[in-house]
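Notes for the structure review
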Amino acid sequence: MTIDFTAMFASHDAFRRDLERLAEAVADGRAGTAPVRAGWENFKHQLHIHHTAEDSDLWPRVRERVAGHPRSLALLDDMEAEHSRIDPLLAAVDTALDDRATELPDFVRALTATLADHLKHEEDSALPLVQDVLTAADWAAFTGRIRETQGLRGAAVFVPWIVDGISPADRATFLDSMPPPVRVLNRVFWQGSYRRRGLWAHS
């Protein structure tokens with residue numbers, strides 16, 4: 001059975017979008033505003049959950065299935081190493097934001113480039129490997145860990161965060177991949193609450 005990567009690709013696109021918003025805010029002199037800082041905090045939170053679940057529940061499952069295949073094992077090593085290179089850049093941006101450092105644009109560019117390279121590597125190489133060696137049940141166990149970590153309160157932010165500003169077609173594709181109760185909750189409660197938070201908004 002083919003694994004549905006809709007939510008994975010949508011998450012990756014949301015990470016890219018948020019870093020574009022951060023770079024724009026830095027260029028406009030808005031990096032210290034409350035909406036931008038709130039957007040940045042949410043970005044870090046979502047990325048942490050995403051990468052932690054990959055490291056604890058996804059890559060180990062794949063590693064079990066590709067034992068004895070050096071190229072596949074090396075790819076998984078790359079995934080974990082790339083995660084480790086992102087964390088110091090997040091910390092550097094944090095510090096530069098707090099200190100209003102002149103190096104902030106450089107750190108944002110470095111983070112954007114490093115994360116972009118990792119996401120593309122994952123999409124081009126690691127996810128095809130996942131498709132080849134894992135079952136739909138394996139994938140459901142991994143995504144279940146993310147849902148467990150997020151909880152209902154986290155889902156109330158995650159779902160509208162994913163669809164924030166995306167095209168109607170992409171929004172429909174993502175929401176169609178969600179269970180019907182999630183779509184109802186998002187429409188009735190979550191998206192309005194998320195919009196009122198004004199993440200990344202111009203003040």
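Now for a quick tour of the structure. Computed from a predicted structure; not experimentally measured.

Turning our eyes to something else, we now look at the overall build of the protein. A count of helical and extended segments in the protein gives seven helices and zero strands. When its C-alpha atoms are laid out on the principal axes, the protein stretches across 50 × 40 × 25 Å. Burial analysis of the protein (203 residues in total) assigns 45% to the buried set. Put simply, of all contacts in the protein between residues at least 6 apart along the chain, 79% involve residues at least 24 apart. If you sum the accessible surface of the protein, you get close to 10,400 Å²; carbon and sulfur atoms cover 55% of it. Measuring between centres, the 23 positive side-chain charges of the protein sit 7 Å from its 31 negative side-chain charges.

Right, let's talk about the packing of aromatic side chains for a bit. Evaluation of the coordinates by the stated rule reveals eight aromatic pairs. A ring pair is formed by Phe 5 and Trp 139, whose centres lie 4.9 Å apart and whose planes are at 80 degrees; its orientation type is edge-to-face. Placement of the pair is Phe 5 in the segment before helix H1 (6–27) and Trp 139 in helix H5 (residues 136–162), with a sequence separation of 134 residues. Relative to Phe 43, the ring of Trp 40 has its centre 5.5 Å away and its plane inclined at 20 degrees; by these criteria the two rings are stacked. Taken together, the positions of Trp 40 and Phe 43, both in helix H2 (residues 34–65) and three residues apart, correspond to about one turn of that helix. Taking relative accessible area as the criterion, Phe 43 reaches 1% and is therefore assigned buried. Taken together through their ring pairs, the aromatic side chains of Phe 15, Trp 40, Phe 43, Phe 158, Trp 161 and Phe 174 make up a single cluster.

Here helix H3 (residues 70–99) contains 30 residues, and its C-alpha end-to-end distance of 44 Å stays within 8% of the 44 Å for a straight helix at 1.5 Å per residue. Arg 100 sits one or two residues past H3 and shows a positive phi near 50 degrees.

What follows concerns unusual backbone geometry. At Arg 100, a residue that is not glycine, the phi angle is positive and equals roughly 50 degrees. Relative to the elements of secondary structure, Arg 100 occurs in the loop between H3 and helix H4 (104–133). Relative accessible area serves as the criterion here: at 68%, Arg 100 is assigned to the exposed category. In the Ramachandran plot, Trp 200 falls in the positive-phi region, its phi being about 70 degrees despite a non-glycine side chain. Here Trp 200 lies in the segment after helix H7 (180–197). Using a relative accessible area of 6% as the deciding quantity, one classes Trp 200 as buried.

Let us look at the pattern of salt bridges. For the structure on display, the rule yields 17 salt bridges. The partner of Asp 57 in a salt bridge is Arg 145, with the nearest N and O atoms 3.2 Å apart. Taken together, the residues span a long stretch of sequence, with Asp 57 in helix H2 and Arg 145 in helix H5 at a distance of 88 residues. The class for Asp 57 is buried, based on a relative accessible area of 10%.

The next subject is the packing of helix H6 (residues 168–176) against H7. Direction vectors running N to C along H6 and H7 enclose 120 degrees, while the axes themselves pass 10 Å from each other. Taken as axis vectors, H6 and H7 run oblique relative to one another. Every residue of H7 that contacts H6 at Arg 171, Leu 175 and Asp 176 is listed here: Arg 183, Asn 186 and Gln 191. A class-by-class count of the residues in the contact of H6 with H7 yields one nonpolar, two polar and three charged.

What follows covers the side chain of Gln 191. Relative to the helices and strands, Gln 191 is located in helix H7. Classification of Gln 191 by relative accessible area gives buried; the value is 14%. Look past the residues within four positions of Gln 191 in its chain and what remains in contact with it is Pro 160, Arg 171 and Asn 186.

Calculation notes
- Residues numbered from 1 in each chain as written.
- Predicted model: local features only at pLDDT ≥ 70, side-chain atom pairs only at ≥ 80, totals over all residues.
- Heavy atoms only, no water.
- Helix = DSSP H or I, 4+ residues; strand = E, 2+ residues; numbered from the N terminus.
- Buried < 20%, exposed > 50% of the residue type's maximum accessible area, 1.4 Å probe, protein only.
- Contact = heavy atoms within 4.5 Å.
- Areas by Shrake-Rupley, 256 points an atom, 1.4 Å probe, with all protein chains shown as cover.
- Lys, Arg positive; Asp, Glu negative; His and termini not counted.
- Charge placed at Lys NZ, Arg CZ, Asp CG, Glu CD.
- Phe/Tyr/Trp six-rings, centres within 6.5 Å; stacked < 30°, edge-to-face > 60°.
- Expected span 1.5 Å × (residues − 1).
- Salt bridge = Lys/Arg side-chain N within 4 Å of Asp/Glu carboxyl O.
- Axes fitted to C-alpha atoms, helices over the stretch in contact; angles between N-to-C directions.
- Parallel < 35°, antiparallel > 145°, perpendicular 65-115°, else oblique.
- Nonpolar A, V, L, I, M, F, W, Y, C, P; charged D, E, K, R; others polar.

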